[in-house]
Structure formats: C-alpha cells, structure tokens
Amino acid sequence: MTRFFWLREDEAATAAFSGSFNAAHKWSLPGVKCSACGATWSSWGNHYPLVDLSQLPERAAFEKARPESFTEFSRLRELVRPLAPPDAELPPGAAFGPLVGTASGEFGPFAWQGTSLLLVRRDAMERLQAEGVRGLLGGQTELRFRKKESPELLDLQLEPRGLLHPECIPSDASPPCPTCGRHAFARPDAPILAAASLPADVDAFRLVNFATMIIGTDRFVDAVRRLGLEGIACRELPTR
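Below or above, wherever it landed, is the structure these notes cover. (Residues numbered from 1 in each chain as written. Predicted model: local features only at pLDDT ≥ 70, side-chain atom pairs only at ≥ 80, totals over all residues. Heavy atoms only, no water.)

## A word on the nonpolar core
- F110, L128 and F220 are the most contacted members of the largest nonpolar core, which has 23 residues in total.
- Of all the elements in the fold, those that place two or more residues in this core are β1 (4–9), β8 (110–113), β9 (117–121), α3 (122–130), β12 (153–156) and α4 (218–227).
- Examining the composition of this core, we find that five residues originate from one element, α4, more than from any other. (Core = buried A, V, L, I, M, F, W, Y, C linked by side-chain atoms within 4.5 Å. Buried < 20%, exposed > 50% of the residue type's maximum accessible area, 1.4 Å probe, protein only. Helix = DSSP H or I, 4+ residues; strand = E, 2+ residues; numbered from the N terminus.)

Structure representation (structure tokens):
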C-alpha cells in the first residue's frame with residue numbers, strides 16, 4: 001500500500017548551502033475581481049513551467065499581475081487551456097513558463113521559494129529518475145548567475161492531482177463561489193488525504209484544493225533518503 005508524505009523545506013539542510021534566488025515565472029493568469037462573491041483574489045502554487053505562451057498573440061496580457069473581471073479572466077484562461085496539460089487546474093494567478101530572475105551562491109539538490117516552489121538540480125533529478133521515481137517533469141529556468149559556471153536548476157512542474165479529505169475543511173467555511181470558484185479555508189494542522197483522489201501513476205504532486213501543499217509517495221521519499229539528497233523534510237499523512 002502506497003504511503004504519502006507532505007514535502008516541505010528542510011531549513012537546517014538548505015541553510016548549509018549559500019544558494020539563493022529571486023525570480024518569478026514569465027507569464028501568469030491575472031487575478032479576479034468577482035462580482036458574485038465580492039472577493040478580489042489570486043492563487044499560489046499552480047505553476048506550469050513547461051507551458052510556453054511565447055507564440056500567443058496576446059502573450060503581453062499575461063506579463064503583468066493585476067485583477068480582472070471574471071469574464072476577462074475566463075477569456076484569457078481559454079487562450080491558455082490548449083497549451084496546458086489536460087485537466088490542468090488554471091485558477092487566477094496560475095503561472096507559466098520559465099522562472100526569470102537572479103541567483104547566487106552554491107545550491108544543494110533542492111531549493112525552495114516559500115512552501116510551494118521547488119527547484120531541483122538536474123543531476124539530482126536524473127538520479128531520482130534512475131531510482132524509478134515517476135512523473136518528474138522539470139522546466140528550464142532563466143536564472144542569471146554572476147559566475148560563469150553555474151548549476152542547472154530545474155523548476156519542477158508538480159500538477160494538482162489529489163485532494164484534502166472533506167473533514168479537513170472547516171464546517172463554517174463558505175462554499176466555493178459558483179462563479180469564480182474561490183474556496184477559502186486555512187490549511188489544517190493535521191491534514192488528511194482523500195484516498196480515492198490520490199494518483200497511482202506519479203510520485204510527486206500538489207493537492208487540487210490546497211495547491212501549496214506538495215505531496216510525495218514513499219517511492220519518492222525512499223529514493224531521496226537512499227541517495228542522500230538534502231533539502232526536503234517529509235511528514236507522513238493519513239488517508240481516508
């Protein structure tokens with residue numbers, strides 16, 4: 001039986017390396033100002049570095065963060081949808097293309113931005129794949145280093161595939177907005193995964209209803225530990 005783990009930064013391990021970066025994805029969907037629920041909002045955690053918008057005639061509309069009406073947001077989302085993975089979650093703020101920015105220092109196998117953007121050195125990713133870890137997709141980054149010899153860092157495209165169990169959603173939380181889909185609730189202190197929603201073909205993914213949470217299978221975690229790849233802390237989560 002597959003076991004599932006919540007993957008987060010092992011800050012003690014990453015602190016041993018001097019590497020840091022300041023970057024953002026090249027394109028993103030705008031936020032939404034919803035006339036139905038009254039919220040102005042944008043999401044975080046839905047990153048698609050392998051989705052290239054460079055050939056879209058309206059690509060400039062995806063270069064500046066801003067709120068739009070739901071009608072305009074929907075129009076722009078439909079321009080992206082044919083380029084995105086099938087059944088991709090494309091909420092307001094979904095990001096596409098390479099990370100563009102600056103970087104410096106020495107990087108370990110993994111590097112984090114916040115809790116949900118995970119970079120991996122190419123050599124570490126290739127070792128994980130050689131160990132049989134499934135479904136790892138890495139997008140090229142456009143990080144500028146001061147030194148000529150720099151590590152090749154890949155931006156992992158971890159697609160939303162599983163769900164938090166309904167018991168994790170507070171009973172007093174408002175239901176999803178029928179127009180824009182916003183469903184706001186705090187991350188539970190003791191997350192439980194909905195067993196029937198969990199994928200059987202990939203070993204690292206995000207949660208559909210909490211995309212800032214990255215989940216890995218025991219196959220992923222065992223490979224990371226066996227290879228001695230530093231930078232990820234793992235907490236096993238129950239399923240129901």
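## Section: the sheet that holds β12
- Here four strands make up an open sheet; going across it, the order is β8-β9-β12-β10 and the pairing antiparallel. Where the open sheet ends on each side, the last strands, each with one partner, are β8 and β10 (138–140). Here the strands of the sheet are splayed against their neighbours by 35° on average, with no regard to which way each runs.
- The sheet contact formed by β9 and β12 spans three bridges and is antiparallel. Following the sheet pairing, V120 is matched in β12 by L154.
- Those strands touched by α3 are β8, β9, β10 and β12, and its axis lies near 85° from that of β9. (Pairing = 2+ DSSP bridges. Axes fitted to C-alpha atoms, helices over the stretch in contact; angles between N-to-C directions. Contact = heavy atoms within 4.5 Å.)

## Remarks on the packing of aromatic side chains
- Counting across every chain of the model gives five aromatic pairs.
- Ring geometry for F107 and F145: centres 5.9 Å apart, planes at 75°, overall edge-to-face. In this pair, F107 is assigned in the loop between β7 (95–104) and β8 and F145 in strand β11 (residues 142–145), connecting sequence segments 38 residues apart.
- A relative accessible area of 16% means that F145 is categorised as buried. (Phe/Tyr/Trp six-rings, centres within 6.5 Å; stacked < 30°, edge-to-face > 60°.)

## Regarding the layout of surface pockets
- Reported here for the largest pocket is a volume of approximately 640 Å³.
- In terms of lining, the largest pocket is formed by 22 residues, of which the most central are W41, S43, H183, V208 and N209.
- A total of three residues in the lining of the largest pocket trace back to one element, the largest contributor, which is strand β15 (residues 210–217).
- Taken together, the residues that form the lining of the largest pocket break down as 12 nonpolar, seven polar and three charged. (1 Å grid on protein atoms, 1.4 Å probe; cavity = no way out; pocket = protein on both sides within 12 Å on 5 of 7 lines; lining within 4 Å. Points joined across faces, edges and corners; volume = space filled by probe spheres on them. Nonpolar A, V, L, I, M, F, W, Y, C, P; charged D, E, K, R; others polar.)

## Brief notes about the sheet that holds strand β14 (residues 204–207)
- Taken together, five strands build an open sheet; the order of strands is β13-β14-β15-β1-β16 and the sheet is mixed. Every other strand in the sheet has two partners, leaving β13 (160–162) and β16 (232–237) as the edge strands with one partner each. Geometrically, the sheet is characterised by an average inter-axis angle of 50° between neighbouring strands, direction not taken into account.
- Bridge analysis of β13 against β14 gives two bridges, and the strand direction is parallel. Residue pairing across strands places G162 opposite L207, the latter belonging to β14.

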